Amino acid sequence: MNEHELFDVMDFQRQMYEEAMGIKRFKTVDGETLMNKQIPPLEYVVEEILPYGMTIFAGDSKSGKSILTLNLCVAVSKGEKFLGYPTKQGTVLYLALEDNERRLQSRAMMMTDDLTDKFHFTNDRYQINNGLIDAMENFVSQYPDTVLIAIDVLEYIRSDSNGGNVYKEDYKDMISLHDFANRHNLSLLIVHHTRKQDSSDELKKSSGSTGIVGAADNFILLSRPKRTERKATLFCSGRDVADKEIELSLSDNLLWEIQNKEEYIEKSCDPVVILVWKYVLSHMVENCTPDHLHYECTATELSCAIKEIFDEDIPSNVITKRLTHNHSDLAKFGMTFKSTRTRKSRRLEFEIANERLRRLKITLGQLPEEIRDDAEYDESDGVTVCDGVEFICHKVEKRTKRNVVTAVSSSQESCHAVTE
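S.K.: Could you clarify how one ought to interpret the side chain of Asp-217 in this entry?
M.R.: Looking at the element boundaries, Asp-217 is found in the loop between helix H7 (210-214) and strand S8 (218-223). Residues contacting Asp-217, with those up to four places away along its chain left out, are Gly-53, Met-54, His-178, Asn-182, Gly-238 and Arg-239.

Now the structure itself:
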């Protein structure tokens, strides 16, 4: 047993002893560990509007909340855009507790030509403290690709009041739902009514105590000045999302449509990550074998190399921070990294994580001298034409480091052209 294993055994024994004795301790994370931890980025069911977690969706009675909720559920189950924003397709559970099958079918037929088996509907009513959580747990267990559960409306699932503090009761209910959403990494949308008293603060327009909105990750408000009008405003806010107001209009086929149309622009990759990727990949091509695509350096060495080749002056600590925060951008290019600190410096380790690159029937000694965009490969190998082009572009023999930059930069244009 080595030193690390011995410490692990001793730590486990200590934890068992303290648990038996009822000793409570905080499980803390030190600052350095927090700053270097690669935490997955926030996921969205609807980009920029509906992230994972618990969301309160409020609106006046008969304002069109249920129609918009059904629009959302249909779009996500089919993987179609919602209000012009991309969605993550997956199984959807719609608890339409104010509707019956006839009304839901009638509305759905006006909205779409067909529904898939990823759309599930029920009007069974369970309370939060009496069966609801268990029923949702069983559903997610049966359909593990569930990404959205919409409950319309909150009033039907609230626990019976015991005559105590209303805020505490509401907050306790909401925390149970919040924990469920986080536990299963999905979006839980709770439809709720607004209060009769008007307020200049959108978050205060939600009915009930502040414990309802306070426990939620996100808040959406549908504001419709007059029920006879087919226009409304959708206000979106959240702990991790930017505030947004969207002007909507209701079409004849019961679809809420966006009026202030702004083309959705996908978040671009961090430019520092792209520079690091270009340099590390070119270094792997020149110095690694296809079976061992691994590169290790210090943050300072990487900073100096980027300065020399790209003429970009980026401090080593900034590189490490940006790589850690945007590690998902690096993963898009099929590369992973980890950061470790020694007594003298911080070391960065990079690896090609994309197995498709390893399966390519190409070796370093069989590469063309110039970039070409007509390469074809056996698709049974799991490699598309674009993959082959991209791999060739990145593995073209280079005579100098500055030529490496030119070749890799040129390859991106070729790859994009093939993709389009």
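That shown, we press on.
S.K.: Just to check I follow, could you spell out the packing of aromatic side chains for this structure?
M.R.: To describe a pair of aromatic rings, you give the distance between the ring centres and the angle between the ring planes. Evaluated as defined, the whole model comprises six aromatic pairs. Note on Tyr-167 and Tyr-171: the rings are 5.8 Å apart at their centroids and 20° apart in plane angle, and the pair reads as stacked. Here Tyr-167 pairs with Tyr-171, and both are found in helix H6 (residues 166-184), just four residues apart, close to one helical turn. Given the relative accessible area of 30%, Tyr-171 is considered partly exposed. A centroid spacing of 6.4 Å and a plane angle of 25° characterise the contact between Tyr-295 and Phe-350, whose relative ring orientation is stacked. Here Phe-350 lies in strand S14 (residues 346-352) and Tyr-295 lies in strand S12 (residues 294-298), a separation of 55 residues in the sequence. Considered together, Tyr-295 and Phe-350 belong to a single accessibility category, that of buried residues. In this structure an aromatic cluster arises from ring pairing among Tyr-279, Tyr-295, Phe-337 and Phe-350.

S.K.: Hey, could you run me through the pattern of salt bridges in this one?
M.R.: Where charged atoms from two side chains of opposite charge approach closely, those side chains can pair. Applying the stated criterion across every chain, the model contains 16 salt bridges. With a shortest N-O distance of 3.4 Å, Arg-239 and Asp-217 are connected by a salt bridge. Of this pair, Arg-239 sits in the loop between strand S9 (231-238) and strand S10 (244-250) while Asp-217 sits in the loop between H7 and S8, and the two are 22 residues apart along the sequence. Judged by relative accessible area, Asp-217 falls into the buried class, the value being 16%. Between Asp-311 and Lys-307 there is a salt bridge, and its shortest N-O distance comes to 3.6 Å.

S.K.: Just to check I follow, could you spell out the sheet that holds strand S7 (residues 187-193) for this structure?
M.R.: Neighbouring strands of a sheet are bound in pairs by backbone hydrogen bonds; such pairs are parallel or else antiparallel. Pairing in this open sheet of nine strands is mixed, and the strands run S5-S4-S6-S7-S3-S8-S9-S10-S11 from one edge to the other. Here the strands that pair on one side only, and so sit at the sheet edges, are strand S5 (119-122) and strand S11 (256-258). Each adjacent strand pair in this sheet contributes to an overall mean axis angle of 20°, direction not counted. Inspection of the sheet shows strand S3 (residues 53-59) paired to S8 by five bridges, in the parallel sense. Bridged to Ala-58 within S8 is Leu-221. Sitting on the sheet, helix H5 (residues 132-142) is in contact with strand S4 (91-96), S5, strand S6 (146-152) and S7, with an inclination near 150° to S6.

S.K.: Sorry if this is basic, but what is going on with the packing of helix H3 (residues 65-78) against helix H4 (residues 101-111) here?
M.R.: For any two helices packed against each other, one specifies the crossing angle of their axes together with the interaxial distance. Two numbers describe how H3 lies on H4: the axes approach to 11 Å, and their chain directions differ by 60°. The pairing of H3 with H4 is recorded here as oblique in orientation. Viewed along their axes, H3 and H4 form a crossing whose handedness is right-handed. For the pair H3 and H4, the contacting residues are Ser-66, Ile-67, Leu-70 and Asn-71 in the first and Leu-104, Arg-107, Ala-108 and Met-111 in the second.

S.K.: Would you mind showing me how to read the pairing of S10 here?
M.R.: Within a regular strand, side chains alternate between the sheet's two faces. Note that S9 and S10 share six bridges and pair antiparallel. Each bridged residue has a counterpart across the sheet, and for Lys-231 the counterpart in S10 is Ser-249. Two strands pair when backbone bridges link them, and S10 and S11 are joined in this way by three bridges, in the antiparallel orientation. Each residue of the ladder has a partner; that of Leu-248, found in S11, is Ile-258. Linking S10 back to S11 in an antiparallel pair, the connection comprises five residues, with Leu-254 at a positive phi of about 60°.

S.K.: For this particular structure, what's the right way to read the nonpolar core?
M.R.: Soluble globular proteins tend to pack their nonpolar side chains together in the buried interior. With 40 residues, the main nonpolar core has Val-46, Ile-49, Leu-50, Leu-148 and Leu-234 as its most contacted residues. Element by element, the count of residues in this core is highest for H3, at eight residues. Val-46 has contacts with Leu-72, Val-76, Phe-82, Tyr-85, Pro-86 and Thr-87, leaving out every residue within four places of it along the chain. Membership of the second largest hydrophobic core comes to 30 residues, among which are Ala-58, Ile-133, Leu-221 and Phe-235.

S.K.: How do you make sense of H6 when you look at a structure like this?
M.R.: Working note: α-helix, 3.6 residues per turn, so residues spaced by three or four point in the same direction. The end-to-end C-alpha separation of H6 is 28 Å, in line with the 27 Å expected for 19 residues at 1.5 Å each. Turning to H6, the residues buried within the fold contact S3, H5, S6, S7 and H7. Where H6 starts, the residue carrying a side-chain oxygen 2.9 Å from the main-chain nitrogen of Tyr-167 turns out to be Asn-165. In the segment just after H6, Asn-185 is the residue with positive phi, at about 50°.

S.K.: Sorry if this is basic, but what is going on with the sheet that holds S14 here?
M.R.: Taken in spatial order, the three strands line up as S12-S14-S13 in an open sheet, and their pairing is antiparallel. Lying at the two open borders of the sheet, with one neighbouring strand each, are S12 and strand S13 (335-341). Neighbour-to-neighbour, the strand axes of the sheet open up by a mean angle of 20°, direction not taken into account. As paired strands, S12 and S14 are joined by five bridges and run antiparallel to one another. The residue of S14 that forms the bridge with Glu-296 is Glu-349. Here helix H8 (residues 271-287) sits on the sheet in contact with S12, S13 and S14, set at roughly 70° to S14. Strands S13 and S14 of the sheet are contacted by helix H10 (residues 316-325), whose axis makes an angle of about 45° with S14.

S.K.: How do you make sense of unusual backbone geometry when you look at a structure like this?
M.R.: The omega torsion of the bond from Asp-152 to Val-153 falls at 10°, within 30 degrees of zero and hence cis. Structurally, Val-153 can be placed in the loop between S6 and H6. The phi torsion at Glu-48 lies on the positive side, around 70°, for a residue other than glycine. Locating Glu-48 in the fold gives a position in the loop between strand S1 (44-46) and strand S2 (50-51). Despite not being glycine, Asp-311 has its phi angle at roughly 55°, a positive value.

Analysis parameters
- Residues numbered from 1 in each chain as written.
- Predicted model: local features only at pLDDT ≥ 70, side-chain atom pairs only at ≥ 80, totals over all residues.
- Heavy atoms only, no water.
- Helix = DSSP H or I, 4+ residues; strand = E, 2+ residues; numbered from the N terminus.
- Contact = heavy atoms within 4.5 Å.
- Phe/Tyr/Trp six-rings, centres within 6.5 Å; stacked < 30°, edge-to-face > 60°.
- Buried < 20%, exposed > 50% of the residue type's maximum accessible area, 1.4 Å probe, protein only.
- Salt bridge = Lys/Arg side-chain N within 4 Å of Asp/Glu carboxyl O.
- Pairing = 2+ DSSP bridges.
- Axes fitted to C-alpha atoms, helices over the stretch in contact; angles between N-to-C directions.
- Parallel < 35°, antiparallel > 145°, perpendicular 65-115°, else oblique.
- Left-handed = near helix turned anticlockwise from the far one by under 90°.
- Core = buried A, V, L, I, M, F, W, Y, C linked by side-chain atoms within 4.5 Å.
- Expected span 1.5 Å × (residues − 1).
- Polar contact = N/O pair within 3.5 Å; in protein donor to acceptor, adjacent residues only side chain to side chain.

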